[in-house]
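Commentary on secondary and tertiary structure
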Amino acid sequence: GLILLFYLVFYGFLAALFTFTMWVMLQTLSSDIPKYRDRISSPGLMISPKPDTALEFYFNRSDTQSYAEYVSTLRKFLESYDDAKQSQNINCTPGRIFDQNDVAVKKACRFNLSELGQCSGKEDKTFGYSKGTPCVLVKMNRIIGLKPEGEPHIQCASKEEGMVEINYFPPGGLIDLMYFPYYGKSLHAHYLQPLVAVQLAIHSNSTKEEIAIECKILGSPNLKNEDERDKFLGRIAFKVQMTE
Amino acid sequence: IQEDHKLSASELEGKYGTNINKGLSSARAAELLARDGLNSLTPPKATPEIVKFLKQMVGGFSILLWVGAVFSWISSGIQIAQGADSPFDNLYLGVVLALVVILTGIFAYYQEAKSTNIMASFSKMVPQQALVIRDGEKKELPAEQLVIGDIVEIKGGDRIPADIRLIAAQGCKVDNSSLTGESEPQPRSCEFTHDNPLETRNIAFYSTTCVEGTATGVVINTGDRTVIGRIASLASGVGNEKTPIAIEIEHFVYLVAGVAVSIGVLFFIISVSMRYKILDSIIFLIGIIVANVPEGLLATVTVSLSLTAKRMAKKNCLVKNLEAVETLGSTSIICSDKTGTLTQNRMTVAHLWFDNQIYSADTSEDQTTQPFDQSSPTWTALSKIVALCNRAEFRPGQEGIPIMKRVVVGDASETALLKFSEVLLGDVMSIRAQNKKVAEIPFNSTNKFQLSIHETDDANDKCYLLVMKGAPERILERCSTIMINGKEEPLDSEKAEAFQTAYMELGGMGERVLGFCHLYLPENEFPDTYSFDTDAMNFPTSNLCFVGLLSMIDPPRSTVPDAVSKCRSAGIKVIMVTGDHPITAKAIARSVGIISATSETVEDIAKRLNIPVERVNRREATAAVVNGMELKDMSLQELDEILCNHSEIVFARTSPQQKLIIVEGCQRQGAVVAVTGDGVNDSPALKKADIGIAMGIAGSDAAKNAADMVLLDDNFASIVTGVEEGRLIFDNLKKTIAYTLTKNIAELCPFLIYIIASIPLPIGTITILFIDLGTDIIPSVALAYEKAESDIMNRRPRNKQKDRLVNQQLAVYSYLQIGIMQSVGAFVTYFTVYAEQGFLPLTLLGVRVDWENSAINDFEDSYGQQWTKYQRTYLQWTGYTAFFVSITIQQVADLIIRKTRRNSIFQQGLFRNKVIWVGIFSQIGIALILTYGLGHVTALNFTPLR
């Protein structure tokens with residue numbers, strides 16, 4: 001009985017001590033930016049839609065069901081880029097870092113869906129999947145305070161030549177500097193990260209074949225894309241296989 | 001039982017096909033050798049090295065780790081087959097686990113081999129030669145080559161090469177002590193004197209020594225068929241009991257393995273029912289097992305034991321079997337020999353009686369003067385007799401050596417007297433030279449005196465001095481006067497009464513008493529040309545003048561009383577087992593405190609109350625002196641009763657065979673029994689005992705072989721030092737284990753919480769191994785250097801059943817108190833690291849599946865940043881490292897609190913054990929190297945911390 005009481009008190013005390021230290025630790029943190037950002041110095045690349053299995057797209061252009069999920073994912077993803085949702089966002093000066101360090105309320109730059117051209121989902125509701133020109137959105141991971149240098153742009157290539165023709169929206173796969181830096185979820189609530197749409201016009205002789213595509217971020221000296229261990233740092237590889 | 005001793009010489013010749021004068025022919029000998037084998041004892045069967053090695057490989061936790069390794073390989077095989085991204089992680093883990101097992105196995109094997117080697121050197125004997133008659137010629141042959149029927153010749157100093165039926169002997173005496181424990185040399189002749197072959201005089205036994213004389217005999221038994229060979233095989237038949245520490249460690253291994261396996265299986269079931277994949281569940285299982293098993297502990301225990309063994313060797317206890325170190329600590333009864341162990345094994349003059357008064361002499365090991373009053377002229381006369389009537393001599397060339405350590409040629413009592421007079425009178429040899437000996441009758445058992453006649457050193461005095469010593473009553477018979485204060489007075493009945501009282505008193509102290517008398521031969525009757533004839537006895541041997549008595553004893557070693565009282569306060573019962581006379585045994589027991597001053601035996605009470613022994617309430621007597629003859633007739637119950645009811649016991653006149661019975665009796669009381677022994681026939685008792693202690697100086701090889709420990713100085717006090725060391729190591733092992741077990745909880749909790757709360761894994765399996773085998777090893781060995789706590793020799797010996805090495809108290813304290821505290825501390829660090837990098841604690845709960853999904857490379861943290869899989873993994877490793885460092889630092893604190901169990905840390909002193917600090921610094925150093933030095937080696941999963 002007494003022993004049980006001892007453990008009750010002992011563990012109660014430990015729990016209290018744990019909670020207290022955690023509380024003290026949390027007090028030392030700012031709610032705006034994390035204390036350290038040394039483990040993510042360079043952003044990773046990611047695509048949307050992201051197939052469930054691995055980064056492999058399998059669909060039949062004539063079967064709506066086979067790509068319905070990709071389309072709905074894209075649609076959902078682009079919802080936040082809707083003009084209506086961006087009413088508070090401002091138009092920034094392209095090509096320049098948009099520094100807002102002195103401003104208390106950080107503004108978000110507008111990203112016009114029209115920049116995604118054929119991949120914006122406005123004209124083609126299936127994002128090209130029904131036409132054999134599927135769109136994949138490439139985005140760069142958000143990292144607080146990251147200011148890319150140079151002219152960062154996305155460039156993709158298929159492993160074997162002549163299977164696919166790649167188009168970029170915005171042209172040249174450019175990522176505009178005005179979207180940087182990012183100030184974090186709480187300060188930069190309406191922030192939208194810039195997107196690059198990659199349209200893959202698959203040659204008719206290459207249907208049924210698995211096409212391996214690798215996208216990289218180029219043109220910026222401080223964005224790494226060749227890390228040995230991290231296969232997603234500044235690059236991404238995925239596979240597409242289309243049947244008819 | 002053989003009948004050879006009853007046969008006549010010619011019957012022997014017939015039986016063995018030999019010839020007493022010519023011996024066997026070489027051809028026949030070769031034939032017999034081929035049939036019977038070499039004349040040597042078969043050494044006990046040694047376990048093949050490879051078996052020993054494999055035992056180390058699968059013993060203890062190894063089997064559990066092997067299972068872990070195999071599981072790792074299986075799961076990595078499945079992963080490779082499935083084409084996962086990092087299939088090699090588990091492969092590495094399996095390899096690391098296997099390496100751990102193999103390395104600790106090799107280490108343990110090496111340690112054991114090392115300690116066995118020390119002993120191996122002991123058992124190597126110098127090849128023995130024997131003088132054999134073959135083909136009518138005398139030949140020197142290796143004793144191994146002897147066969148039955150060989151005729152061998154032996155002489156004083158030889159070891160008897162086989163069991164021999166004597167056919168001729170001149171003044172032959174053998175020392176049978178290695179066989180029967182009797183230290184008096186036994187005469188040997190060719191007559192058949194006893195039905196029992198062990199008692200008859202015409203058989204000499206293998207491995208005993210011929211002390212003096214020569215003999216010729218027929219070999220009747222060789223090798224294992226000799227009497228000693230049969231005893232040796234009897235000894236190997238007595239099973240080797242498991243040492244207490246081995247039992248304890250086994251118990252501990254079962255306990256921990258049980259906990260590991262049951263938690264592992266429990267969580268395997270939980271994780272399967274939580275819909276984790278079977279493969280993942282297996283990996284969790286491995287993690288839990290690795291976290292639970294203290295990999296480094298068994299190696300640490302071995303190191304601690306061997307450190308203690310080394311320390312004990314310095315204190316003259318050579319430990320053959322590492323585990324015996326601790327057994328000694330749990331000893332609750334010591335059955336000790338008397339001669340040589342409790343005593344100095346050297347006759348020394350203890351008391352003198354002259355001028356109607358008893359004087360005590362100094363009996364310590366290194367006497368240089370004697371304190372008693374030496375002014376009386378009687379003493380001068382007595383000292384002259386002592387110096388002159390003595391045939392013992394110092395071996396030449398020993399001038400620099402202290403008197404008590406010099407080697408003397410002569411028997412034990414003469415040696416004692418020689419040394420005694422050398423101490424008191426100075427150069428005895430020159431005194432003898434000045435008092436030239438003209439005639440001498442040596443001591444013999446018929447007349448029981450020794451006599452010599454000397455010229456005197458006084459140049460003016462031409463008369464001869466006759467000096468005599470011997471059994472006091474015989475000497476007194478020959479005396480008509482007695483010297484009192486230098487004057488001769490007639491020996492009347494009153495003076496004779498005084499003599500009797502003194503004689504009885506000295507005899508009652510267990511001492512050997514000698515009487516001394518002298519006579520100045522009148523010059524007119526015995527002019528200096530007189531020719532003395534010792535055969536005709538043409539000189540007076542009665543009406544002499546009695547001068548005094550000297551009594552001798554083999555005195556206790558001076559360190560023994562202290563050691564015995566230490567045993568007493570440590571709750572250890574000391575039982576004396578000796579072949580000596582009860583009176584002597586009791587006297588020594590009293591003087592060393594085995595029988596304390598206030599306690600009485602049944603006989604003492606009877607004497608005090610003046611009632612017959614039968615009417616004494618046996619329970620009232622705390623002490624008992626049991627005679628071997630009584631013991632022989634006792635039932636086991638009666639023996640048990642004696643062992644139970646009396647706290648102070650002396651067994652006198654016991655045969656070595658009875659020693660075994662006594663040991664078994666003690667063990668029936670549930671005691672851990674230590675037994676000392678030196679003779680070959682002690683070996684069954686030594687084997688039977690929980691710890692057999694052989695004498696290094698007096699001990700026979702068989703005894704040393706059977707024992708677990710060898711006392712290099714034959715000193716009882718060394719046993720007590722050993723007990724202290726044994727208790728210390730038990731205490732320190734407890735500390736080590738408590739220290740080691742603590743962090744297991746801190747290693748286990750992460751896995752459990754990982755499975756239940758689905759947080760990113762706080763610590764990896766390999767990191768755990770780095771704690772267990774890296775940072776924690778040196779500190780836990782350092783605890784073995786911890787000094788004894790103040791009460792170590794004041795508590796009772798531990799109870800084998802109750803006082804386990806790992807008991808509930810220790811486990812609960814380590815696991816549920818300190819362990820939990822450590823886990824809480826480590827988790828604070830873990831959450832801090834994640835929070836500072838952007839993952840607040842609450843966001844971590846339940847993220848495991850997405851966190852570990854390598855297809856998700858935009859994992860969002862609490863601040864909206866996105867992480868790739870590798871970035872997360874790297875953060876996870878940072879978490880491992882932080883967790884590791886946190887445990888390491890808490891283990892430093894743990895180490896300091898584990899330094900003591902009963903004392904406060906200030907009593908024990910923070911800096912007395914310097915090795916602890918080496919441990920702490922090594923711990924921190926290794927942690928620093930791992931985090932910062934090796935932070936970039938991926939396989940180790942360490943990252944530099946900020």
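Residues numbered from 1 in each chain as written. Chains lettered and ligands numbered in written order. Predicted model: local features only at pLDDT ≥ 70, side-chain atom pairs only at ≥ 80, totals over all residues. Heavy atoms only, no water.

1. Regarding the overall build of chain A
Counting its regular elements, chain A contains 2 helices and 8 strands. Walking chain A from its N terminus toward its C terminus, one meets helices and strands in the order α-β-β-α-β-β-β-β-β-β. For 244 residues, the compact-globule formula gives about 18 Å, and the C-alpha radius of gyration of chain A, at 23 Å, lies well above that figure. Dimensions along the principal axes, computed over C-alpha positions, put chain A at roughly 80 × 50 × 40 Å. Burial status across chain A gives 46% buried among its 244 residues. Partitioning the intrachain contacts of chain A with sequence separation of at least 6 by distance along the chain shows that 74% fall at a separation of at least 24. (Helix = DSSP H or I, 4+ residues; strand = E, 2+ residues; numbered from the N terminus. Rg over C-alpha atoms; globule rule 2.2 N^0.38 Å. Buried < 20%, exposed > 50% of the residue type's maximum accessible area, 1.4 Å probe, protein only. Contact = heavy atoms within 4.5 Å.)

2. A few points about the pairing of strand S9 (residues 333–336) of chain B
Residue and element names in this part refer to chain B. In S9, alternate side chains face the same way, and those of Ile333 and Cys335 on one face and Ile334 and Ser336 on the other are all buried. Note: S9 against strand S24 (residues 673–677), 3 bridges, orientation parallel. Paired with isoleucine 334 across the two strands is alanine 674, which belongs to S24. (Pairing = 2+ DSSP bridges.)

3. Description of helix H9 (residues 278–292) of chain B
Residues and elements named next belong to chain B. In a regular helix each residue adds 1.5 Å, so 15 residues correspond to 21 Å; H9 covers 21 Å between its end C-alpha atoms and thus fits that length. For H9, a buried count of 12 out of 15 residues is recorded, marking the element as mostly surrounded by other parts of the structure. Listing the buried residues of H9 in full gives Leu279, Ser281, Ile282, Phe284, Leu285, Ile286, Gly287, Ile288, Ile289, Val290, Ala291 and Asn292. (Expected span 1.5 Å × (residues − 1).)

4. Here we look at the domain arrangement of chain B
Residues and elements named next belong to chain B. Segmentation of chain B into domains returns domain 1 (9–35 + 128–237), domain 2 (317–343 + 557–714), domain 3 (348–355 + 378–489 + 506–553) and domain 4 (724–940). Listed as interface residues are 15 residues of domain 2 and, on the opposing side, 12 residues of domain 4. Summed over both sides, the interface of domain 2 with domain 4 buries roughly 1,100 Å², with 56% coming from carbon and sulfur. The largest contributions to the domain 2 side of the interface with domain 4 come from Glu326, Gly329 and Ala570, which together make up 39% of the buried area. Our count for the contact surface shared by domain 2 and domain 4 stands at 1 salt bridge. (Domains from an automatic or database assignment. Buried area = accessible area lost by both parts, 1.4 Å probe. Salt bridge = Lys/Arg side-chain N within 4 Å of Asp/Glu carboxyl O.)

5. So, a nonpolar patch on the surface
All names here are of chain B. Where nonpolar side chains cluster on the molecular surface, the patch consists of Val70, Trp73, Ile74, Ile78, Val95, Leu99, Ile102, Leu103 and Ile106 and spans about 720 Å² of accessible area. For the nonpolar patch, the secondary structure elements donating two or more residues are helix H4 (62–82) and helix H5 (88–123). By residue number, the principal contributor to the nonpolar patch is H5, which donates 5 residues. With respect to the helices and strands, the residue valine 95 is situated in helix H5. (Patch = residues over 30% accessible without salt bridge, like charges linked within 9 Å, V, L, I, M, F, W, Y side chains within 5 Å. Areas by Shrake-Rupley, 256 points an atom, 1.4 Å probe, with all protein chains shown as cover.)

6. A few points about the environment of Ser31(A)
By the element assignment, Ser31(A) lies in the loop between helix H1 (2–27) and strand S1 (45–48). Residue Ser31(A) is classed as exposed on the basis of its relative accessible area of 60%. The spacing of Ser31(A) and Lys185(A) is 154 residues in sequence and 9.3 Å in space, taken between C-alpha atoms. What Ser31(A) contacts, discounting residues up to four positions off in sequence, is Ser186(A) and Tyr863(B). Of the polar contacts made by the side chain of Ser31(A), one reaches the side chain of Asp32(A); its length is 3.4 Å. (Polar contact = N/O pair within 3.5 Å; in protein donor to acceptor, adjacent residues only side chain to side chain.)

7. Overview of the domain arrangement of chain A
Accessible area lost during the coming together of the parts is what is often quoted as the interface size. Each assigned domain of chain A is listed with its residue range as follows: domain 1 (1–30) and domain 2 (34–242). Between the C-alpha centres of domain 1 of chain A and domain 2 of chain A there is a distance of 46 Å.

8. With respect to the state of the cysteines
Applying the stated criterion across every chain, the model contains 3 disulfides over all chains. A sulfur-sulfur separation of 2.0 Å characterises the disulfide bridge that pairs Cys92(A) with Cys109(A). On the sign convention where negative is left-handed, the bridge of Cys92(A) and Cys109(A), at about -105 degrees about the S-S bond, is left-handed. Of this pair, Cys92(A) sits in the loop between helix H2 (64–79) and strand S3 (135–140) while Cys109(A) sits in the loop between H2 and S3, and the two are 17 residues apart along the sequence. Of the two residues, Cys92(A) and Cys109(A), neither departs from the other in class, the shared state being buried. Cysteines bonded in chain A are numbered consecutively along the chain; their disulfide partners then correspond to 1-2, 3-4, 5-6. Among the cysteines around Cys190(B), which has no disulfide bond, Cys172(B) carries the closest sulfur, lying 10 Å off. By relative accessible area, Cys190(B) is classed as partly exposed at 31%. (Disulfide = S-S within 2.5 Å.)

9. So, the nonpolar core
Formed by 191 residues in total, the largest nonpolar core has its most connected members in Tyr129(A), Phe238(A) and Phe716(B). For Tyr129(A), the contacting residues outside a window of four places in its chain are Pro49(A), Phe57(A), Phe59(A), Arg61(A), Tyr67(A), Tyr70(A), Val71(A), Leu74(A), Pro134(A), Cys135(A) and Val136(A). (Core = buried A, V, L, I, M, F, W, Y, C linked by side-chain atoms within 4.5 Å.)

10. Some words on the side chain of Lys586(B)
Locating Lys586(B) in the fold gives a position in helix H18 (residues 582–592). Beyond its immediate sequence surroundings of up to four residues, Lys586(B) is in contact with Ile595(B), Thr601(B), Asp604(B) and Val625(B).

11. Some remarks on the environment of Ser430(B)
All names here are of chain B. Counting through the fold element by element, serine 430 comes out in helix H14 (residues 428–434). Under the relative-accessibility criterion, serine 430 is labelled partly exposed at 28%. The spacing of serine 430 and aspartate 158 is 272 residues in sequence and 34 Å in space, taken between C-alpha atoms.

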